[in-house]
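Take a look at the letters that make up each chain.
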Amino acid sequence: MLRYLLVLLPFCNHLYSAPKIEVRVGSDSDLPRIQEVFVMLDQLDIDYELRILSAHRTPHEMMAKAQSLAQEGFSVCIGSAGGSAHLPGMTASETPVPVIALPVKTSYLDGLDSLLSMIQMPPGIPTGVLGINQSKSAALAAAQIAYIGDHQVMQKISKLRNIPYKEHTPKPRVAIVGSKQKNLGVEFEKAMELFQSFNIETIEYDINDEEFLNQAIESGCSALYFICDIQNEGIVQCQHLSKSTFLPFVVIPYFESKASVSPMFFHQILSNEATLSMGINQFSNGALYCLQIIGNKNAIVRDKFNEYRRDLSNSVKQKNKKLQEEKAQNGTYLKSWASSK
Ligand code: C2R
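Calculation notes
- Residues numbered from 1 in each chain as written.
- Predicted model: local features only at pLDDT ≥ 70, side-chain atom pairs only at ≥ 80, totals over all residues.
- Axes fitted to C-alpha atoms, helices over the stretch in contact; angles between N-to-C directions.
- Helix = DSSP H or I, 4+ residues; strand = E, 2+ residues; numbered from the N terminus.
- Parallel < 35°, antiparallel > 145°, perpendicular 65-115°, else oblique.
- Left-handed = near helix turned anticlockwise from the far one by under 90°.
- Contact = placed C-beta atoms within 7 Å.
- Nonpolar A, V, L, I, M, F, W, Y, C, P; charged D, E, K, R; others polar.
- Buried ≥ 20, exposed ≤ 12 C-beta atoms within 10 Å, placed from the backbone.
- Near = placed C-beta within 6 Å.
- pLDDT = per-residue confidence, 0-100.

Here's the deal with the packing of helix α12 (residues 283–295) against helix α13 (residues 299–330)
For step 1, the next point in the chain: Two elements in contact, α12 and α13, have axes whose closest approach is 8 Å; the angle formed by their N-to-C orientations is 135 degrees. Between α12 and α13, the interaxial angle falls into the category oblique. By crossing handedness, the relation of α12 to α13 is classed as left-handed. Here α12 contributes Leu291, Gln292, Ile294 and Gly295 to the contact with α13, which in turn contributes Val301, Arg302 and Phe305.
For step 2, the next point in the chain: Per-class residue counts for the contact of α12 with α13 are four nonpolar, two polar and one charged.

Set out below in structure tokens:
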């Protein structure tokens, strides 16, 4: 028996290929500011590929390398840039691989410019945004996505983050937290329908139940979808929760009122943990981001996700076509505008 095992041993390496992480930066000038990404990944013994790619200066190369991320076997991409930082968003448009957006601190606007140009992505194209210069957290969040279910790496992460480790076998299942006792409206319902249409089970947990995090791990949830009710305790809950779990932590900042809000709250929810934030009230983007995480290990979910993206793109092209036809027929665009949402 032992002899057979020894014969097979050299082939085992070929069977297991470690998940890959890409780090792309808008400029080499960003590197010193985000060097903790690399220190952290090294500390976890995780290899990565580093590329300088700019949505503005090298759009074609940036796009081509985004389009091939999935085929090249990457499970996650950290996109980091400063100022008018379109790199992570444009990358996300071209790949089913989850993109983590890391805003770089800038000289004039302290990185708020970077953060705001990353976070409020349009429905359909999520990025998971971290706090400004939260490089260590970006590396941890990337590892938590790429190595979910890998006991060795997750154990290391738990130790580093001071979180009790519990063995976890991820399933196509997502923990929904912060939705109970609230009427979140139609946008939240749409997000839940998205999960359903992808055959992903959702389990709603009560945030006040002390055992819920353990239960989410035991039941094999692949991500935690947290609705952060900014006007009611949400920020405190978010800070507490994000410190307590090694599950990919996807946050949807929720504002009940439509009044405009100060972007300063982002500093609070994105303080220094591996918290991946969506834009304000972007419930569907939170769901899609969870689906992308699950899609790393589930070809059916990934294929469906790609189909979803194609449909989204086609619906925009259709609208444009209609607009041009109206102009040709009526000599004005106005009619189309009035009938579009
Ligand atoms: P230089 O120092 O090279 O002039 O770059 C970079 O991330 C950097 O922070 C200045 C800043 O420009 C940013 N940059 C972007 C993008 N490309 C470069 N935000 C992009 O594609 O988003």
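Structural notes on the environment of Phe198
For step 1, the next point in the chain: Take Phe198: it is sitting in the loop between α8 (186–197) and β7 (201–205).
For step 2, the next point in the chain: Residue classification places Phe198 among the buried positions, given that 20 C-beta atoms sit within 10 Å.
For step 3, the next point in the chain: Not counting the four nearest positions on each side in its chain, Phe198 is found in contact with Leu291, Val301 and Lys304.

Focus: the site of the ligand
For step 1, the next point in the chain: Taken together, 16 residues lie around the ligand, and Gly26, Ser27, Ser29, Ala55 and Gly82 are the ones closest in.
For step 2, the next point in the chain: Of the residues that constitute the shell around the ligand, the class distribution is five nonpolar, nine polar and two charged.

Notes on the confidence of the model for the protein chain
For step 1, the next point in the chain: For the protein chain, per-residue confidence averages 92 on the pLDDT scale, and residues scoring 70 or more make up 93% of the total.
For step 2, the next point in the chain: Of the regions scoring below 50 in pLDDT, residues 9–14 engages in zero contacts with residues more than four places distant in sequence or in other chains.

A word on the environment of Ser179
For step 1, the next point in the chain: Structurally, the position occupied by Ser179 is in the loop between β6 (173–177) and α8.
For step 2, the next point in the chain: Between the C-alpha atoms of Ser179 and Ile230, which are 51 residues apart in sequence, the distance is 13 Å.
For step 3, the next point in the chain: Among all residues touching Ser179, those that are not within four sequence positions of it are Leu184, Phe188, Glu204 and Ile227.

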